[in-house]
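Letter by letter, the chains look like this.
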Amino acid sequence: MDHSRVPVLEALEDFRRRGDIAYGPPGHKQGRGVDPRVADVVGLDVFRSDVLSLNGLDDRRQSQGVLSRAQELMADAVRAEHAFFSTCGSSLSVKTAMLAAAGPGEKLLLSRNAHKSVIAAVIVNGVEPIWVHPKFDGERHLAHPPEPDDVRRRLREHPDAKGMLLITPTDWGSCADIRGVARVCHEFGVPLIVDEAWGAHLPFHPDLPAWGMDAEADLTVTSVHKMGGAVEQSSVFHLQYDRVSPEVLAQREDLLGTTSASTLVYATLDGWRRQMVEQGHELLDAALRRAERIRAAVAELPGLRPMGREIVEEGLAADLDPLKIVIDVRKLGLSGMQAVEWLREHRHVDLGGSDSCRVSASITHADDDETEEVLLDALRALVEHADSVERRPPVRLPEPSALELEQAMLPREAFFAPVEHVPAERAAGRIAAETISPYPPGVPVVAPGEIVTDAVLDYLRSGAEHGVLIPDAADGSVRTLRVVAREATPHG
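Residues numbered from 1 in each chain as written. Predicted model: local features only at pLDDT ≥ 70, side-chain atom pairs only at ≥ 80, totals over all residues. Heavy atoms only, no water.

Trainee: Help me understand the overall build of the protein, please; the structure alone is not making it clear to me.
Mentor: For the protein, the count of helices and strands is 16 helices and 17 strands. On C-alpha atoms alone, the protein measures out to a radius of gyration of 23 Å, which is about the 23 Å that the 2.2 N^0.38 rule sets for 492 residues. Taking the principal axes of the C-alpha coordinates as reference, the protein spans close to 65 × 55 × 50 Å. Per-residue burial over the protein gives 55% buried out of 492 residues. A sequence separation of at least 24 residues applies to 71% of the contacts in the protein between residues at least 6 apart. Just so you have it, the protein exposes about 21,000 Å², and 48% of that area is on carbon and sulfur atoms. (Helix = DSSP H or I, 4+ residues; strand = E, 2+ residues; numbered from the N terminus. Rg over C-alpha atoms; globule rule 2.2 N^0.38 Å. Buried < 20%, exposed > 50% of the residue type's maximum accessible area, 1.4 Å probe, protein only. Contact = heavy atoms within 4.5 Å. Areas by Shrake-Rupley, 256 points an atom, 1.4 Å probe, with all protein chains shown as cover.)

Trainee: How should the pattern of salt bridges be read in this particular structure?
Mentor: Two side chains of opposite charge can pair, provided their charged atoms sit close to one another. Applying the stated criterion across every chain, the model contains 39 salt bridges. As a salt-bridge pair, Glu465 and Arg461 come within 3.7 Å of each other at their nearest N and O atoms. With Glu465 and Arg461 both in helix α16 (residues 454-466), this residue pair falls four residues apart, about one helical turn. (Salt bridge = Lys/Arg side-chain N within 4 Å of Asp/Glu carboxyl O.)

Trainee: What is the right way to look at the pairing of strand β9 (residues 219-223) in this model?
Mentor: Working note: regular strand, side chains alternate between the two faces of the sheet. In terms of residue burial, β9 counts as a mostly covered element, since five of its five residues are buried. Side chains of β9 alternate between two faces, with Leu219, Val221 and Ser223 and Thr220 and Thr222 buried alike. In the sheet, strand β8 (residues 192-195) pairs with β9 via three bridges, with the strands oriented parallel. Bridge assignment links Ile193 to a residue of β9, and that residue is Leu219. (Pairing = 2+ DSSP bridges.)

Trainee: Please explain the packing of helix α4 (residues 66-77) against helix α11 (residues 263-299) as it appears in this structure.
Mentor: The angle between the axes and the distance between the axes are what describe a pair of packed helices. For the pair α4 and α11, interaxial distance at closest approach is 10 Å and the crossing angle is 35°. Note that α4 runs across α11; the crossing there is left-handed. Where α4 approaches α11, its residues Leu67, Ala70, Leu73, Met74 and Ala77 are matched on the opposing element by Tyr266, Leu269, Asp270, Trp272, Arg273 and Val277. When the residues that make up the contact of α4 with α11 are grouped by side-chain class, the tally is nine nonpolar, no polar and two charged. (Axes fitted to C-alpha atoms, helices over the stretch in contact; angles between N-to-C directions. Left-handed = near helix turned anticlockwise from the far one by under 90°. Nonpolar A, V, L, I, M, F, W, Y, C, P; charged D, E, K, R; others polar.)

Trainee: Please explain the packing of aromatic side chains as it appears in this structure.
Mentor: Note on aromatic pairs: each is described by the distance of the centres and the angle between the planes. In this structure the tally under the stated criterion is three aromatic pairs. Ring centres of Phe85 and Tyr266 lie 6.1 Å apart, and the angle between their planes is 40°; this geometry places the pair in the tilted category. Within this pair, whereas Phe85 is found in strand β1 (residues 82-86), its partner Tyr266 is found in helix α11, the two being separated by 181 residues in sequence. The exposure class of Tyr266 is buried, given its relative accessible area of 10%. Here the aromatic rings of Phe415 and Phe416 are separated by 5.1 Å at their centres, their planes lie at 85°, and the arrangement is edge-to-face. (Phe/Tyr/Trp six-rings, centres within 6.5 Å; stacked < 30°, edge-to-face > 60°.)

Trainee: I tried to follow unusual backbone geometry on my own but got confused; where do I start?
Mentor: Glycine aside, residues mostly have negative phi angles, and peptide bonds mostly take the trans form. Omega for the bond connecting Pro25 with Pro26 falls within 30 degrees of zero, at -5°, which places this linkage in the cis form. Put simply, Thr168 and Pro169 share a cis peptide bond, and its omega is -10°. Here Pro169 shows up in the loop between β6 (164-167) and β7 (174-175). Even without glycine at this site, Lys29 takes up a positive phi of about 55°. Within the fold, Lys29 resides in the loop between α1 (7-18) and α2 (36-42). Here Lys29 falls in the partly exposed class, since its relative accessible area comes to 26%.

Trainee: Explain a nonpolar patch on the surface here, please?
Mentor: Taken together, the side chains of Val38, Val41, Val42 and Val46 make up a nonpolar region of the molecular surface, amounting to roughly 320 Å² of accessible area. Looking at which element gives the most residues to the nonpolar patch, the answer is α2, with three residues. Inspection of the secondary structure puts Val46 in helix α3 (residues 44-48). (Patch = residues over 30% accessible without salt bridge, like charges linked within 9 Å, V, L, I, M, F, W, Y side chains within 5 Å.)

Trainee: How do you make sense of the side chain of Ser335 when you look at a structure like this?
Mentor: Tracing the backbone shows Ser335 in the loop between β13 (324-328) and α13 (336-347). Of note is the side chain of Ser335, whose polar atom sits 2.5 Å from the side chain of His466. When near neighbours in sequence (up to four residues on either side) are disregarded, Ser335 contacts Val329, Asp355, Ser356 and His466. (Polar contact = N/O pair within 3.5 Å; in protein donor to acceptor, adjacent residues only side chain to side chain.)

Trainee: Looking at this model, I keep getting lost on the packing of helix α5 (residues 89-101) against helix α6 (residues 116-125). Mind explaining?
Mentor: Where α5 meets α6, the axes come as close as 9 Å, and the angle between the chain directions of the two elements is 45°. Accordingly, the angle class assigned to the pair α5 and α6 is oblique. When the axes of α5 and α6 are compared, the crossing they make is right-handed. Along the contact surface, α5 presents Ser91, Val94, Lys95, Met98 and Leu99, while α6 presents Ser117, Val118, Ala120, Ala121, Val122 and Asn125. (Parallel < 35°, antiparallel > 145°, perpendicular 65-115°, else oblique.)

Trainee: What should I look at first to understand the nonpolar core in this one?
Mentor: One recurring pattern in soluble globular proteins: nonpolar side chains tend to sit buried together. Counting 65 residues, the largest nonpolar core has Leu304, Leu323, Ile327, Leu332, Leu351, Leu379 and Leu382 as its most contacted members. With twelve residues, α11 is the largest single contributor of residues to this core. Once residues within four sequence positions are removed from consideration, Ile327 is found in contact with Val298, Leu304, Arg305, Pro306, Cys357, Arg358, Val359 and Leu379. Counting 26 residues, the second-largest nonpolar core is a separate cluster that includes Ala100, Ala101, Ile167 and Val221. (Core = buried A, V, L, I, M, F, W, Y, C linked by side-chain atoms within 4.5 Å.)

Trainee: Just checking my understanding: could you explain the sheet that holds strand β3 (residues 128-132) for this structure?
Mentor: What holds strands together in a sheet is hydrogen bonding between their backbones, with the strands either parallel or antiparallel. As summarised here, the arrangement of the seven strands in space is β1-β10-β9-β8-β6-β2-β3, forming an open sheet in which the pairing is mixed. Every interior strand has two partners, whereas the edge strands, β1 and β3, have only one. Each strand axis lies, on average, 20° off the axis of its neighbour in the sheet, ignoring direction. Here five bridges tie β9 to strand β10 (residues 235-239), and the two strands are oriented antiparallel to one another. Note that in β10 the partner of Ser223 across the bridge is Ser235. With respect to the sheet, α4 is in contact with β1 and β10, its orientation differing from that of β1 by roughly 120°.

Trainee: How do you make sense of the sheet that holds strand β11 (residues 305-306) when you look at a structure like this?
Mentor: Pairing in this open sheet of four strands is antiparallel, and the strands run β11-β13-β15-β14 from one edge to the other. At either margin of the open sheet sits one strand with a lone partner, and together these are β11 and β14 (353-354). Summarising the sheet, β11 and β13 pair through two bridges and their orientation is antiparallel. Note on β13: the bridge partner recorded for Arg305 is Asp328. Sitting on the sheet, α11 touches β11 and β13, and the angle it makes with β13 is about 10°.

Right, dumping it as C-alpha cells:
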C-alpha cells in the first residue's frame with residue numbers, strides 16, 4: 001500500500017480548497033460564526049477543519065471511500081486484518097469491544113485492575129464479569145497484569161465464558177504476556193480482547209513490548225491520543241482472525257458510537273499513521289534513548305526511585321514500556337499526589353499520573369531536549385524542596401489481598417437496585433451500589449455488587465483526607481457510601 005497517501009487529510013484539503021459552504025451541521029459553518037474570542041484561543045483552523053464526512057468530505061453513498069481507505073492503510077501499517085476508527089475515545093471503544101464478544105447475561109473474563117470505563121461497560125452492557133485478579137506487587141503497592149495460568153484457571157471454572165479482556169500496558173507501563181494469554185483463550189475457543197489504550201506506539205519499534213496483533217490477540221483497542229500523535233478521543237479498533245466478526249463489531253460500534261464523527265479525529269489518525277510508517281522507527285528510537293537518559297538521571301536523585309526492568313527480572317510482569325517513567329516518591333516523605341501538585345504549582349510541569357506512592361511521566365516521539373531538561377530540572381527542584389511541602393495524613397495502604405473484594409451481586413443489578421446512603425462507619429459488610437475510583441489512574445477500588453470491607457474503607461477514607469480525588473463516588477469525601485438497600489440484597 002502507498003503509505004504516503006492520507007485519504008482523510010487529502011479530502012479535507014480538497015474541501016477547503018474548493019471553498020464549499022455546507023447548509024447543515026456544524027452550525028459555525030467552518031468558522032464563519034465563531035466568536036473571535038474563542039478563535040483567539042483555539043485557532044480558526046480548528047473550525048475550518050470541522051466537517052461532517054457526509055456534508056462535504058465524502059458523498060452520502062461514501063463512493064469516494066475516504067474513511068475506508070484510511071482504515072485499510074491503518075490496518076496494513078500495524079499488521080492487522082481490519083482497523084476501524086472511533087472518535088469517542090477508548091472508553092467507549094472498550095465498551096463496544098466487550099459487547100462484540102459477550103452480550104447481556106453472558107460471561108466475560110476481565111482483569112480486575114481495569115479502568116473505571118470497563119466497570120461502566122459491565123453495568124451498561126449487562127455482561128457478567130468473571131474477575132481475573134492481577135499480580136499484586138506488595139513492595140511497590142502496584143497491580144501488574146494477570147498471567148496465562150490465572151486466565152486458564154478462570155476459564156476452567158467458567159467454560160461458558162465468551163472471552164477475555166486484558167489490560168496492557170497498565171497505566172504504569174507494566175505489560176502482560178499477551179501471546180501466552182491469547183493461546184490460553186484460543187485453547188478454549190474464545191477471543192482475547194486487549195485494552196491497549198497506552199500502546200498505540202508499540203507496533204512501530206522492535207525494542208518496545210509486543211503489541212496485540214503481533215501477539216495473537218483477536219481484537220485490540222488503542223488510544224492514539226495517549227502515546228501517539230492524534231487529538232484527544234482518537235481511538236482505533238484492530239481486528240484479526242474470525243473469533244470476532246467484523247460485521248458484529250461494526251454493528252456494536254454503530255449502536256454505541258456517535259453519528260457525528262469528528263473529522264478532526266479522523267484526519268489526525270490518518271496523518272499519525274503516515275508519520276509512523278515513514279518516520280516512526282527513527283522517532284521512537286530517539287524517544288527510547290531519551291527515556292533511558294531520564295531514567296538514569298532520576299535514579300541519581302536522592303529520594304526518587306524509578307521503576308525499571310527489575311519488575312520483569314523479578315517475574316512480576318512480562319515486559320515494561322520504557323517510555324513510561326514511573327517514579328516512587330515515598331522516600332521524600334510525600335505522596336505522588338503531593339508531588340504532582342507541587343510540580344504543577346511551582347514548576348508548571350504537569351505529570352501524567354500519580355497515586356499515593358508514585359508519579360509517572362510519558363515520553364513520546366514529541367519530546368525533545370527542552371522537554372527532557374524541563375522535566376529533570378523540575379524533579380531536581382522537587383527533591384530540593386520536598387521538606388518544605390506540608391505533610392498530610394498518610395494514606396493507609398491495605399494488604400493486596402484486601403483489595404480482592406467478594407462479589408455478592410452483578411454490577412448491573414447492584415447499580416440499578418434500590419439504594420441507601422449510609423455513614424462510612426456502618427458501610428462494612430454492605431453491598432456497594434456505586435463505583436469508587438481514586439483518580440488517576442481511575443482503577444476502581446470498589447465496584448457495584450462488591451461487599452465493602454473495613455480495610456478498603458480505611459484506605460479510601462485516609463486517601464480522601466490526604467487529598468486523593470475520588471470523582472465517581474456519590475460522596476467524594478467517602479464519609480457516606482451508596483449501598484444496596486437491605487430489602488434488595490440477595491439475603492434481604
